[in-house]
Amino acid sequence: MTRSIIIEQNFDRMMQTLAKDLTTLLEADSCYITRWDSLKEQVFPVAANVAPENPFF
């Protein structure tokens, strides 16, 4: 997981890879990665690896 993150140059693809790898590592059904926007004071989605019945975006 660390190697694939270090090698990836594109932030969006890196986050998608991280979501996929975390799902596998934790044996989870899905994984959501979010960021905090301090100007808007809200969370927004960055990446997800979700089952079709649990959409996030």
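To start, this report covers the structure provided alongside it. These numbers were taken from a predicted model, which means no experiment stands behind them. (Residues numbered from 1 in each chain as written. Predicted model: local features only at pLDDT ≥ 70, side-chain atom pairs only at ≥ 80, totals over all residues. Heavy atoms only, no water.)

1. Some remarks on the environment of Asn49
1) Next: Mapped onto the elements of the fold, Asn49 is located in strand 2 (residues 42-49).
2) Next: A relative accessible area of 28% places Asn49 in the partly exposed class.
3) Next: Here Asn49 is in contact with Ala19, Lys20, Thr23, Asp29, Ser30 and Cys31, once residues within four sequence places are set aside.
4) Next: At 3.5 Å, the side chain of Asn49 and the side chain of Thr23 are in polar contact. (Helix = DSSP H or I, 4+ residues; strand = E, 2+ residues; numbered from the N terminus. Buried < 20%, exposed > 50% of the residue type's maximum accessible area, 1.4 Å probe, protein only. Contact = heavy atoms within 4.5 Å. Polar contact = N/O pair within 3.5 Å; in protein donor to acceptor, adjacent residues only side chain to side chain.)

2. Digging into the side chain of Asp37
1) Next: Structurally, Asp37 is set in strand 1 (residues 31-37).
2) Next: With no salt bridge to any partner, buried Asp37 finds its closest opposite charge in Lys40, at an N-O distance of 4.6 Å.
3) Next: A distance of 3.1 Å separates a polar atom in the side chain of Asp37 from the backbone nitrogen of Lys40.
4) Next: Not counting the four nearest positions on each side in its chain, Asp37 is found in contact with Gln42 and Phe44. (Lys, Arg positive; Asp, Glu negative; His and termini not counted. Salt bridge = Lys/Arg side-chain N within 4 Å of Asp/Glu carboxyl O.)

3. Here we look at the side chain of Thr23
1) Next: Looking at the secondary structure, you find Thr23 in helix 2 (residues 11-25).
2) Next: Classification of Thr23 by relative accessible area gives buried; the value is 8%.
3) Next: Those residues in contact with Thr23, other than ones at most four positions away along the chain, are Ala28, Asp29, Ser30, Cys31 and Asn49.

4. Quick notes on unusual backbone geometry
1) Next: Notably, Glu27 is not glycine yet its phi reads approximately 50°, a positive angle.
2) Next: For Glu27, the position within the fold is in the loop between helix 2 and strand 1.
3) Next: By relative accessible area, Glu27 is classed as exposed at 73%.
4) Next: Phi at Glu41 takes a positive value of approximately 55°, unusual for a residue other than glycine.
5) Next: Structurally, the position occupied by Glu41 is in the loop between strand 1 and strand 2.

5. Side note on the nonpolar core
1) Next: Met14, Met15, Leu18, Ala19, Cys31, Ile33, Val46 and Ala47 together form the largest nonpolar core, which totals eight residues.
2) Next: Going through the elements one at a time, helix 2, strand 1 and strand 2 are the ones with two or more residues in this core.
3) Next: Residues within four places of Cys31 in sequence aside, it is in contact with Ala19, Leu22, Thr23, Ala47, Ala48, Asn49 and Val50. (Core = buried A, V, L, I, M, F, W, Y, C linked by side-chain atoms within 4.5 Å.)

It is worth stressing that arrangement in space is one thing and function is another; only the former is reported here.
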